[in-house]
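Reading the structure
What follows is each chain in one-letter form.
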Amino acid sequence: MVPEYRRRGVVALLIDRAMETVIRKGYRQAELSLIMDSNKDMNSILTSAVGSKVNKKFRVYQKQL
């Protein structure tokens, strides 16, 4: 998201539209992967406002060879 448009409700509108589509198509679940653990704002929105829960965490490790 472009910084000047953050915290203006754009994310909430996108989530709302996505949820409407998912419900209209009859899905009961959705995969919300690839949201970085460090993205605290997005993770907070998804867990509190949407009611989702963290099911898996994928990590990438780096080792000097």
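Refer to the structure above for everything that follows.
Below is a short write-up of the structure. (Residues numbered from 1 in each chain as written. Predicted model: local features only at pLDDT ≥ 70, side-chain atom pairs only at ≥ 80, totals over all residues. Heavy atoms only, no water.)

Broken down by element type, the protein carries two helices and zero strands. By the compact-globule yardstick of 11 Å for 65 residues, the protein is too spread out, its C-alpha radius of gyration being 15 Å. Counting only C-alpha atoms and orienting by the principal axes, one finds that the protein spans roughly 50 × 35 × 20 Å. Put simply, the protein shows about 6,800 Å² of open surface, and 54% of that area lies on carbon and sulfur atoms. Both charge centroids of the protein, one from 13 positive and one from 6 negative side chains, sit 7 Å from each other. (Helix = DSSP H or I, 4+ residues; strand = E, 2+ residues; numbered from the N terminus. Rg over C-alpha atoms; globule rule 2.2 N^0.38 Å. Areas by Shrake-Rupley, 256 points an atom, 1.4 Å probe, with all protein chains shown as cover. Lys, Arg positive; Asp, Glu negative; His and termini not counted. Charge placed at Lys NZ, Arg CZ, Asp CG, Glu CD.)

One number sums up the size of the largest pocket: a volume of about 1,300 Å³. Along the wall of the largest pocket there are 31 residues; nearest its centre are Glu31, Leu32, Ser33, Ile35 and Lys53. Put simply, the parts of the chain that give the lining of the largest pocket at least two residues each are α1 (10-24) and α2 (40-49). In terms of residue count, the dominant contributor to the lining of the largest pocket is α1 (five residues). Per-class residue counts for the lining of the largest pocket are 17 nonpolar, seven polar and seven charged. When its volume is computed, the second largest pocket comes out at roughly 300 Å³. As for the second largest pocket, its lining consists of 13 residues, of which Arg6, Arg7, Val11, Asp41 and Ile45 are closest to the centre. Mapped onto the lining of the second largest pocket, the elements with two or more residues apiece are α1 and α2. Its residues assigned to classes, the lining of the second largest pocket shows seven nonpolar, two polar and four charged. (1 Å grid on protein atoms, 1.4 Å probe; cavity = no way out; pocket = protein on both sides within 12 Å on 5 of 7 lines; lining within 4 Å. Points joined across faces, edges and corners; volume = space filled by probe spheres on them. Nonpolar A, V, L, I, M, F, W, Y, C, P; charged D, E, K, R; others polar.)

Honestly, it's all geometry; don't read function into it.
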